[in-house]
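Structural features, examined
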Amino acid sequence: MFELVVLVAQSAAVFFLAAWLSTGFIENVVHPDLNETFTNQVLTMERMREEYPEAYEVVAHRRIENPAMQRFLFKLIVCWEGIATLTLWAGVVSLILAIIGVVDPASARAIGVLGVLFFTATWAGFLIVGNWFCYWFCHEGAQNTHYQMTLWGMATIILLVIA
């Protein structure tokens, strides 16, 4: 009975991540300007230039001003999110199939861990790249969200691996 309840909890945990990332992915596909604008602001360091001009001058060489490169990077991010989203859903399906005895629970957990790793890597990647572009100066809300998503993903990986 305990194994079954753990599988249900693991399925739910991976489902929550899949649902959350699906929403963001769909928004980025249907309404790309919502996120692309802020992504470009980070890449150009626009807010930092306006609000912290002295600090900006020290790191201004890092900015990416080329609109074609900005679009490419945003599309790359959206493609990565799509792969992570699909892998999360594969984990959800596998875990549900493990609950009903169709798939080996260890294999289902492995697929779930892979999806959650992609989820976590998304947000850790934003933290790392954002750090390069000094986004803590003017995009604290995004940075905070990225930290929370990274921690959520790590906690879910732990749930999948320890049980």
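For the structure, check the block above.
The present account deals with the structure reproduced in this document. (Residues numbered from 1 in each chain as written. Predicted model: local features only at pLDDT ≥ 70, side-chain atom pairs only at ≥ 80, totals over all residues. Heavy atoms only, no water.)

Focus: the overall build of the chain
- Across its full length, the chain holds seven helices and zero strands.
- Mapped in sequence order, the helices and strands of the chain form the string α-α-α-α-α-α-α.
- Each principal axis of the C-alpha atoms in the chain carries an extent, and together these give about 60 × 30 × 20 Å.
- When burial is assessed residue by residue, the chain has 39% of its 163 residues classed as buried.
- Accessible area of the chain: about 9000 Å², with a carbon and sulfur share of 72%.
- Positive and negative charge centroids in the chain, built from 7 and 13 side chains respectively, lie 6 Å apart. (Helix = DSSP H or I, 4+ residues; strand = E, 2+ residues; numbered from the N terminus. Buried < 20%, exposed > 50% of the residue type's maximum accessible area, 1.4 Å probe, protein only. Areas by Shrake-Rupley, 256 points an atom, 1.4 Å probe, with all protein chains shown as cover. Lys, Arg positive; Asp, Glu negative; His and termini not counted. Charge placed at Lys NZ, Arg CZ, Asp CG, Glu CD.)

Section: the layout of surface pockets
- By volume, the largest pocket is sized at about 850 Å³.
- Around the largest pocket, the lining comprises 32 residues; the ones closest to its centre are N35, T39, I77, F126 and H146.
- Taken together, the elements giving at least two residues each to the lining of the largest pocket come down to helix 1 (2–30), helix 2 (32–44), helix 5 (67–99), helix 6 (105–132) and helix 7 (140–162).
- At seven residues, helix 6 tops the list of elements feeding residues into the lining of the largest pocket.
- Grouping the amino acids of the lining of the largest pocket by side-chain chemistry returns 16 nonpolar, 13 polar and three charged. (1 Å grid on protein atoms, 1.4 Å probe; cavity = no way out; pocket = protein on both sides within 12 Å on 5 of 7 lines; lining within 4 Å. Points joined across faces, edges and corners; volume = space filled by probe spheres on them. Nonpolar A, V, L, I, M, F, W, Y, C, P; charged D, E, K, R; others polar.)

Let's talk about the environment of I96
- Note on placement: I96 falls in helix 5.
- Each C-alpha atom, one on I96 and one on T37, is 38 Å from the other, the two residues being 59 residues apart in sequence.

Quick look at the nonpolar core
- One finds V14, L21, L88, L95, V116 and F119 to be the most contacted residues of the largest nonpolar core, which totals 18 residues.
- Residue assignment for this core shows that the elements contributing at least two residues are helix 1, helix 5, helix 6 and helix 7.
- Setting aside residues up to four positions removed in sequence, F119 forms contacts with L17, W20, L21, A84, L88, M149, W152 and G153.
- Ranked by size, the runner-up nonpolar core spans 13 residues in total, among them L43, F133, F137 and C138. (Core = buried A, V, L, I, M, F, W, Y, C linked by side-chain atoms within 4.5 Å. Contact = heavy atoms within 4.5 Å.)

Geometric values such as these leave the question of function open.
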